[in-house]
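# Observations on chain architecture
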Amino acid sequence: MSEEVKFVIDIIKKMTINEKLRLAVNMTISSFLSLEYDTADLCNYYDCLLREIGEDYSKCYSFHKFFTVNFTMAKLIEMKKEGQNQVALLLLNEIEYELIKIRQTV
């Protein structure tokens with residue numbers, strides 16, 4: 001695993017669930033990333049989850065409020081395809097883990 005992949009993974013691990021979901025949506029709609037996943041289904045799934053969890057998601061998108069998401073997207077665009085897919089897999093697993101924790105507390 002390259003240093004740039006480790007750097008982005010460290011950023012993702014510090015994100016909140018809202019930020020992880022926003023990043024997942026951004027990754028699935030981006031034409032700059034070469035993900036090997038069914039991005040249309042993932043986009044719909046994470047978009048619905050974000051609408052349930054994120055209060056301000058439907059209202060507007062403030063670039064200043066989500067600097068970490070935008071910075072991470074920029075780092076992902078700079079990566080090779082293999083690195084992008086490694087990060088995407090980690091992000092999907094992180095989101096599922098967070099959702100399991102949330103569902104257990106409810």
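Here's a quick rundown of the structure. (Residues numbered from 1 in each chain as written. Predicted model: local features only at pLDDT ≥ 70, side-chain atom pairs only at ≥ 80, totals over all residues. Heavy atoms only, no water.)

### Observations regarding the overall build of the protein
Along the backbone of the protein there are five helices and zero strands. Each helix and strand of the protein, placed in order from N terminus to C terminus, yields the pattern α-α-α-α-α. Per-residue burial for the protein yields a buried fraction of 43% across its 106 residues. The long-range share in the protein, meaning contacts at least 24 apart out of those at least 6 apart in sequence, stands at 78%. Carbon and sulfur atoms form 56% of the exposed surface of the protein, whose accessible area is close to 6500 Å². (Helix = DSSP H or I, 4+ residues; strand = E, 2+ residues; numbered from the N terminus. Buried < 20%, exposed > 50% of the residue type's maximum accessible area, 1.4 Å probe, protein only. Contact = heavy atoms within 4.5 Å. Areas by Shrake-Rupley, 256 points an atom, 1.4 Å probe, with all protein chains shown as cover.)

### Quick notes on the nonpolar core
Soluble, globular proteins show a tendency: their nonpolar side chains are buried together. Membership of the largest hydrophobic core comes to 31 residues, with the highest contact counts inside it found for Ile 12, Leu 23, Met 27, Tyr 46, Leu 76, Val 87 and Ile 95. Looking at this core, the elements with two or more residues in it are helix H1 (3–13), helix H2 (17–29), helix H3 (39–53), helix H4 (67–78) and helix H5 (81–105). A total of seven residues in this core trace back to one element, the largest contributor, which is H5. (Core = buried A, V, L, I, M, F, W, Y, C linked by side-chain atoms within 4.5 Å.)

### A closer look at empty space enclosed by the protein
All chains considered together, the criterion is met by one cavity of 30 Å³ or more. If you go around the largest cavity, the residues you meet are Ala 24, Met 27, Thr 28, Leu 35, Tyr 37, Leu 42, Ala 88, Leu 91 and Leu 92. Secondary-structure elements contributing two or more residues to the lining of the largest cavity are H2 and H5. Partitioning the lining of the largest cavity into residue classes produces eight nonpolar, one polar and no charged. (1 Å grid on protein atoms, 1.4 Å probe; cavity = no way out; pocket = protein on both sides within 12 Å on 5 of 7 lines; lining within 4 Å. Points joined across faces, edges and corners; volume = space filled by probe spheres on them. Nonpolar A, V, L, I, M, F, W, Y, C, P; charged D, E, K, R; others polar.)

### Here's the deal with the packing of H3 against H5
Contact geometry of H3 with H5 gives a least axis separation of 13 Å together with a crossing angle of 40°. Helix-helix and strand crossings are classified by hand; for H3 and H5 the assignment is left-handed. Note on element contacts: H5 touches H3 through Leu 92, Ile 95, Glu 96, Leu 99 and Arg 103, opposite Leu 42, Tyr 45, Tyr 46, Leu 49 and Ile 53. Among the residues forming the contact of H3 with H5, the class breakdown is eight nonpolar, no polar and two charged. (Axes fitted to C-alpha atoms, helices over the stretch in contact; angles between N-to-C directions. Left-handed = near helix turned anticlockwise from the far one by under 90°.)

### Let's talk about the pattern of salt bridges
Summed over the entire model, instances satisfying the criterion amount to six salt bridges. Measuring nitrogen to oxygen at the nearest pair gives 3.4 Å for the salt bridge that ties Lys 20 to Glu 98. Highlighted residues: Lys 20 in helix H2 and Glu 98 in helix H5, separated in sequence by 78 residues. Residue Lys 20 is classed as buried on the basis of its relative accessible area, which comes to 1%. (Salt bridge = Lys/Arg side-chain N within 4 Å of Asp/Glu carboxyl O.)

### Here's the deal with the state of the cysteines
On inspection of all chains with the given rule, the structure shows zero disulfides. Unpaired in terms of disulfides, Cys 43 finds its nearest cysteine sulfur in Cys 48, a separation of 9.2 Å. The class for Cys 48 is partly exposed, based on a relative accessible area of 46%. (Disulfide = S-S within 2.5 Å.)

### What to know about the side chain of Glu 19
For Glu 19, the position within the fold is in helix H2. No salt bridge forms around the buried Glu 19; measuring N to O, its nearest opposite-charge neighbour Arg 22 is 8.1 Å away. Apart from the residues within four sequence positions on either side, Glu 19 is in contact with Phe 66, Thr 68 and Val 69. (Lys, Arg positive; Asp, Glu negative; His and termini not counted.)

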